[in-house]
Protein chains: 2
Amino acid sequence: MDLNAQWLVGFVDGEGCFHIGINQNKEMKLGVQVLPEFTVTQHQVDEQVLYGLKDYFGCGVVRKNHGKIKCYRVRGHQNLLTKIIPFFEKHQLKTKKRIDFVKFRRVVRLMEDGAHLESEGLERIREIKNQMNLKN
Amino acid sequence: MDLNAQWLVGFVDGEGCFHIGINQNKEMKLGVQVLPEFTVTQHQVDEQVLYGLKDYFGCGVVRKNHGKIKCYRVRGHQNLLTKIIPFFEKHQLKTKKRIDFVKFRRVVRLMEDGAHLESEGLERIREIKNQMNLKN
């Protein structure tokens, strides 16, 4: 599937999500793991589009989400820092999702500096996360 | 808002719908009105995108759908035949929505020939409608 950058931006403006997971994890220093992820969900009839995204970005996985919904998902700092973030810096989102992208990028960069390994930095990440994906 | 054709196709692949309404209407010859419409829905925080679509196509209206959801909607044969349909013929959708678009176009063309004013034609339109917007 031959995808075009602008088509991809439009599709992500519709179906994409920049999400920061903060999960309990006793193995981590502060007892929590911070997990930034970029996802695009789609009904399984169009899963070939999700594989098209995977090919386009050269990273990520396609997984079952729930029921008949599939999900393209990118985790991992190097993929986010070198592939996903530069793409959306070059090709700006047109909906308010752009604001979530900017907050997402801020968290990924804070983590690059190790902020999630110290209480103060983790608190800052929580604050940013709480301001994301709000519709008001 | 400066929209690009490929962005728009990607966004419609995510958020758009080609729909054939068949509504009771005693004023019509067969007691029903066939109403094809192209819609794109979006949370109200991004209604400026819907106005961007309206500007781009030079037709249609932005209306409240339900709750905080807004809708860009195009009805009217001339708008569909001269603006919406030619756009998606030139710029192909990449999801299965393309199949719905082809069926939608078939109905609009059947109506152009007056098919909806005769029982047999109306039955054919019903059959096509029943095969649209299915996820299987």
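Residues numbered from 1 in each chain as written. Chains lettered and ligands numbered in written order. Predicted model: local features only at pLDDT ≥ 70, side-chain atom pairs only at ≥ 80, totals over all residues.

1. Topic: the overall build of chain A
Alright, step 1. Along its length, chain A carries five helices and four strands.
Alright, step 2. When the helices and strands of chain A are listed from N to C terminus, the series reads α-β-β-α-β-β-α-α-α.
Alright, step 3. In terms of overall size, chain A behaves like a compact globule, its C-alpha atoms giving a radius of gyration of 15 Å where 136 residues would be expected to give roughly 14 Å.
Alright, step 4. Dimensions along the principal axes, computed over C-alpha positions, put chain A at roughly 45 × 30 × 30 Å.
Alright, step 5. By residue count, 27% of the 136 residues in chain A fall in the buried class.
Alright, step 6. When contacts within chain A are restricted to residue pairs at least 6 apart in sequence, those whose partners lie at least 24 apart make up 54%. (Helix = DSSP H or I, 4+ residues; strand = E, 2+ residues; numbered from the N terminus. Rg over C-alpha atoms; globule rule 2.2 N^0.38 Å. Buried ≥ 20, exposed ≤ 12 C-beta atoms within 10 Å, placed from the backbone. Contact = placed C-beta atoms within 7 Å.)

2. Concerning the interface of chain A and chain B
Alright, step 1. Each partner contributes residues to the interface: chain A has 21 residues there, and chain B has 21 residues.
Alright, step 2. The element best represented in the side of chain A that touches chain B is helix H1 (residues 5–15) of chain A, accounting for nine residues.
Alright, step 3. Looking at the side of chain A that touches chain B, its residues break down into seven nonpolar, seven polar and seven charged. (Nonpolar A, V, L, I, M, F, W, Y, C, P; charged D, E, K, R; others polar.)

3. Notes on the relation of the copies chain A and chain B
Alright, step 1. Superposing chain A onto chain B requires a rotation of 180 degrees together with a translation of 0.0 Å along the rotation axis, leaving an RMSD of 0.0 Å. Considering both components of the superposition, the chain copies are consistent with a two-fold axis.
Alright, step 2. Interface residue correspondence from chain A to chain B reaches 100%, placing this contact among same-surface, isologous pairings. (Least-squares fit on C-alpha atoms with pLDDT ≥ 70 in both.)

4. Notes on the confidence of the model for chain A
Alright, step 1. Across chain A, the average pLDDT comes to 95, with 99% of residues at or above 70.
Alright, step 2. Interface scoring of the predicted complex returns ipTM 0.91; its pTM is 0.93. (pLDDT = per-residue confidence, 0-100.)

5. Topic: the environment of lysine 135 of chain A
Residue and element names in this part refer to chain A.
Alright, step 1. Here lysine 135 lies in the segment after helix H5 (119–130).
Alright, step 2. Its 9 C-beta neighbours within 10 Å are what place lysine 135 among the exposed residues.
Alright, step 3. Along the sequence, lysine 135 and asparagine 4 sit 131 residues apart, while their C-alpha atoms lie 28 Å from each other.

6. Notes on the sheet that holds strand E1 (residues 16–24) of chain B
All names here are of chain B.
Alright, step 1. If you walk across this open sheet you meet the four strands as E1-E2-E4-E3, and the pairing is antiparallel. A single partner strand is all that each edge strand has here, and the edge strands are E1 and strand E3 (61–66). Recorded for the sheet is a direction-independent mean angle of 40 degrees between the axes of neighbouring strands.
Alright, step 2. The sheet contact formed by E1 and strand E2 (residues 32–43) spans nine bridges and is antiparallel. (Pairing = 2+ DSSP bridges. Axes fitted to C-alpha atoms, helices over the stretch in contact; angles between N-to-C directions.)

7. Details of the packing of helix H4 (residues 97–112) of chain A against H5 of chain A
Residues and elements named next belong to chain A.
Alright, step 1. Axis separation between H4 and H5 bottoms out at 10 Å; the angle between their running directions is 165 degrees. As the angle between them shows, H4 and H5 are arranged roughly antiparallel. By crossing handedness, the relation of H4 to H5 is classed as left-handed. Facing Lys103, Arg106, Val107 and Leu110 of H4, the residues of H5 in contact are Gly121, Arg124, Ile125 and Ile128.
Alright, step 2. Grouping the amino acids of the contact of H4 with H5 by side-chain chemistry returns four nonpolar, one polar and three charged. (Parallel < 35°, antiparallel > 145°, perpendicular 65-115°, else oblique. Left-handed = near helix turned anticlockwise from the far one by under 90°.)

8. Section: the pairing of E2 of chain B
Alright, step 1. Pairing of E2 of chain B with strand E4 (residues 69–74) of chain B involves six bridges; the strand directions are antiparallel. Considered in E4 of chain B, the bridge of threonine 39 of chain B is made with arginine 73 of chain B.

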